[in-house]
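# A structural walkthrough
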Amino acid sequence: MEIGLKILVPLIEISVVLGIVLFHVAYITYFERKILSHMQDRLGPMEVGPHGLLQPIADGLKLFFKEDIIPAGADKIIFSIAPIIVLVPALIGFAVIPFAKESITIFGLTFKPFITDINIGILYIFAFASIGAYGVILGGWASNSKYALLGGLRAGAQMVSYELALGLSIIGVLLLSQSLSMVQIVEAQNRIWFVLLQPVAFVIYVICAVAETNRLPFDMPEAESELVAGFFTEYSGMRFSFFFLAEYANMILVSCIAAILFLGGWHAPFKFLEFIPPTIWFILKVYFILFFFIWIRGTLPRVRYDQLMKFGWKVMIPLSLANIIVTSIVLYIVRG
Amino acid sequence: MFGGYLPSNYLPIVVFIIIAIAFGAGTIVAGYLVRPKKTYPEKLSPYESGMKPFSDARTPFPMRYYIIAMLFVLFDIEVVFLYPWAVVFNKIGLYGLIEMMLFIAILLVGYFYAWKKGALEWD
């Protein structure tokens, strides 16, 4: 009975989180199309449901019933499992994200506001996020297509380059919070959000997060005008949709991390606004960052690949190292 | 053996990984039952803007990617060392601060060497 409950509660939590994440992934594609359309003075999807609200469901169903083509000369096994290697790390990162402040009790079962709180939370997310790069490179290589190979190589080099600056940028936050656990990092921001103490780190984090998720203006791996679709040129049907699912799930994941590390997680910005539930604050912050991602997609042109790599190695890495050095020295002086 | 800590906190992650893989594999298998399977050579040929594909796609690629991967491994180790240092920063005091500054200084020497040697150039 005891062990049964220990398994049952996480199982329910995992199902709920997975459902919520997939729902938001589906609807973030809708919001992206709508926001981009309105920025370009268009209406966007309008036909399926009121204001096109059922469009993501129609898209999902369509892709489910599409033929799944494995091109001739492709490495069948690697080609088949690459989308799953990309998708799984994007989903399981959500295991340590704290969505709210307090546990809730339903039918005598206590549900914590996170699936699990491990003391290496943020390291766990980054460790698994790196595995996604394997799926991208393997998928590009296995396709037996020149566009896919080039896209996969570019994506691999870009992801590892920006992963360095991404990893370095959050060390300032860790110095302040003295913990890797996501819950403790949020609690450490009780008085002041870390974005005010670590503005440079926040800027570096956001830029690297855009590059890590291969989004505009850093979407060289799938640059439509030169590489067709980059590493997933040869993919179709459900496997194609997995790359998309993973991209948007990663977008939501990096937004959640930004909200937790820099924007105070579920904390309200001011004391008098605390009557609004913590979960609402968390969702608002995540959607603010997601909107920012879509906004820069609608605003900025794509950069050149050599500019991207030079920027990553010659600007972001020295800057994030300088941020760590300054933060640690100032902290040592302030704390004595 | 794990002091009762490891299994209870990490078990949900193992379960989540299994569920995520099952979700991925299950969706593809379920799709296999309903989707059409009509293939012919033209459909299976790799996309090359409507032309007949020439030569194998697995061609040699520039050395730069390899150098970037090498540099990534070197600097990622530095990042891994910085994480535990940041977490115990308050406890190890001035000694830890100076040690890490020396460590970063040594790595910066290597970084500027790579820069001057042109390893970070892309043209």
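To start, this report covers the structure provided alongside it. (Residues numbered from 1 in each chain as written. Chains lettered and ligands numbered in written order. Predicted model: local features only at pLDDT ≥ 70, side-chain atom pairs only at ≥ 80, totals over all residues. Heavy atoms only, no water.)

## Comments concerning the environment of Leu43(A)
All names here are of chain A. The following threshold applies: Going along the chain from the N terminus, every DSSP run of H or I of four or more residues is numbered as a helix, and every run of E of two or more is numbered as a strand. In what follows, a contact means two residues having at least one pair of non-hydrogen atoms within 4.5 Å.
The topology assignment puts Leu43 in the loop between helix H1 (2-39) and helix H2 (55-64). Between the C-alpha atom of Leu43 and that of Arg33, which follows or precedes it by 10 residues, the distance is 9.1 Å. Apart from the residues within four sequence positions on either side, Leu43 is in contact with Lys34, Ser37 and His38.

## Regarding the nonpolar core
To keep it simple, the criterion reads: Working definition of a nonpolar core: buried Ala, Val, Leu, Ile, Met, Phe, Trp, Tyr and Cys residues. They are joined through side-chain atoms within 4.5 Å. Three exposure classes are used, based on accessible area relative to the maximum for each residue type with a 1.4 Å probe and protein chains only: buried under 20%, partly exposed in between, and exposed over 50%. As used throughout, domain bounds are those supplied by an automatic or database domain assignment.
One finds Ile97(A), Tyr205(A) and Ile257(A) to be the most contacted residues of the largest nonpolar core, which totals 130 residues. Residues lining this core come from more than one domain, with at least three contributed by each of domain 1 (8-48) and domain 2 (63-116) of chain B. Those residues in contact with Tyr205(A), other than ones at most four positions away along the chain, are Phe126(A), Leu166(A), Ser169(A), Ile170(A), Val254(A), Ile257(A), Ala258(A) and Phe262(A).

## Some thoughts on the side chain of Thr213(A)
Mapped onto the elements, Thr213(A) comes out in the loop between helix H9 (199-212) and helix H10 (224-227). According to the relative accessible area criterion, Thr213(A) is buried, its value standing at 5%.

## Quick word on helix H12 (residues 278-299) of chain A
Definition in use: To estimate the expected span of a helix, count its residues, drop one, and scale the result by 1.5 Å.
End to end, H12(A) covers 32 Å across 22 residues, agreeing with the expected 32 Å (1.5 Å per residue, within 8%). Turning to H12(A), its buried residues number three or more, namely Trp281(A), Phe282(A), Lys285(A), Val286(A), Ile289(A), Leu290(A), Phe293(A), Ile294(A) and Ile296(A).

## Regarding the interface of chain B and chain A
Threshold: Buried area: the accessible area, evaluated with a 1.4 Å probe, that two parts lose upon being put together, summed over both parts. The working definition used for a salt bridge is a side-chain nitrogen of Lys or Arg within 4 Å of a carboxyl oxygen of Asp or Glu.
Between chain B and chain A, the contact holds 67 residues from the first and 81 residues from the second. Taken together, the two surfaces of chain B and chain A that pack against each other cover about 6600 Å², and 74% of this comes from carbon and sulfur. By the criterion of area lost to chain A, the three top residues of chain B are Phe16(B), Arg58(B) and Tyr83(B), representing 13% of everything that side buries. Counting every contact that joins chain B to chain A gives 1 salt bridge.

## What to know about the packing of helix H4 (residues 121-142) of chain A against helix H5 (residues 146-169) of chain A
Geometrically, a packed helix pair is captured by the angle between its two axes and the distance between the axes. Residue and element names in this part refer to chain A. Quick note on the threshold: Axes here refer to lines fitted to C-alpha atoms; in helices the fit is confined to the stretch in contact. Angles between the N-to-C directions go from 0 to 180 degrees. Roughly parallel covers angles under 35 degrees, roughly antiparallel covers those over 145, roughly perpendicular covers 65 to 115, and oblique covers all other angles. Handedness of a crossing follows from how the near helix is turned relative to the far one, being left-handed for an anticlockwise turn of less than a right angle and right-handed for a clockwise one. Only Asp, Glu, Lys and Arg are considered charged, only Ala, Val, Leu, Ile, Met, Phe, Trp, Tyr, Cys and Pro nonpolar, and every remaining residue, Gly among them, polar.
Where H4 meets H5, the closest approach of the two axes is 7 Å, and the angle between their N-to-C directions is 165 degrees. Taken together, the axes of H4 and H5 lie roughly antiparallel to each other. Both H4 and H5 take part in a crossing whose hand is left-handed. Contact residues: H4 offers Phe126, Ser130, Ala133, Val136, Ile137, Gly140 and Trp141, while H5 offers Ala148, Leu149, Gly152, Ala155, Gly156, Met159, Glu163, Leu166 and Gly167. Here the residues of the contact of H4 with H5 sort into 10 nonpolar, 5 polar and 1 charged.

## Considerations on the environment of Ile92(A)
Counting through the fold element by element, Ile92(A) comes out in helix H3 (residues 76-92). Distance from Ile92(A) to Ile125(A), taken between C-alpha atoms, is 8.2 Å for residues 33 residues apart in sequence. Apart from residues no more than four positions distant in its own chain, Ile92(A) is found in contact with Tyr124(A), Phe128(A), Phe16(B), Ile17(B) and Ala20(B).

## Quick word on the packing of aromatic side chains
By convention here, two paired aromatic rings are described through the distance between centres and the angle between planes. What counts is decided by this rule: Here a pair means two rings of Phe, Tyr or Trp (six-membered ring of Trp) with centres within 6.5 Å. Their orientation is stacked below 30 degrees between planes, edge-to-face above 60, and tilted elsewhere. In our convention, an over-ring charge means Lys NZ or Arg CZ found within 6 Å of a ring centre and within 35 degrees of that ring's normal.
Tallying each qualifying case throughout the model produces 24 aromatic pairs over all chains. Measuring from centroid to centroid gives 6.0 Å for Tyr27(A) and Tyr30(A), while their planes differ by 65 degrees, and the two rings are edge-to-face. Here Tyr30(A) and Tyr27(A) lie together in helix H1, a separation of 3 residues that amounts to about one turn. There is no split in this pair, since Tyr27(A) and Tyr30(A) are both buried. With 6.0 Å between their ring centres and 90 degrees between their planes, Phe99(A) and Phe282(A) make a pair best called edge-to-face. Here Phe99(A) is found in the loop between H3 and strand S1 (104-106), whereas its partner Phe282(A) is found in helix H12, with 183 residues between them in sequence. Of the residues examined, Phe99(A) reaches a relative accessible area of 22% and is grouped as partly exposed. The class of Phe282(A) is buried, set by a relative accessible area of 3%. Among the aromatic side chains, those forming a connected cluster through ring pairs are Phe23(A), Tyr27(A), Tyr30(A), Phe31(A) and Tyr287(A). It is Arg154(A) that lies over the ring of Tyr305(A); its NZ or CZ is 5.3 Å from the centre. In this structure, Lys37(B) is placed above the aromatic ring of Tyr32(B), and the distance from its NZ or CZ to the ring centre is 4.4 Å.

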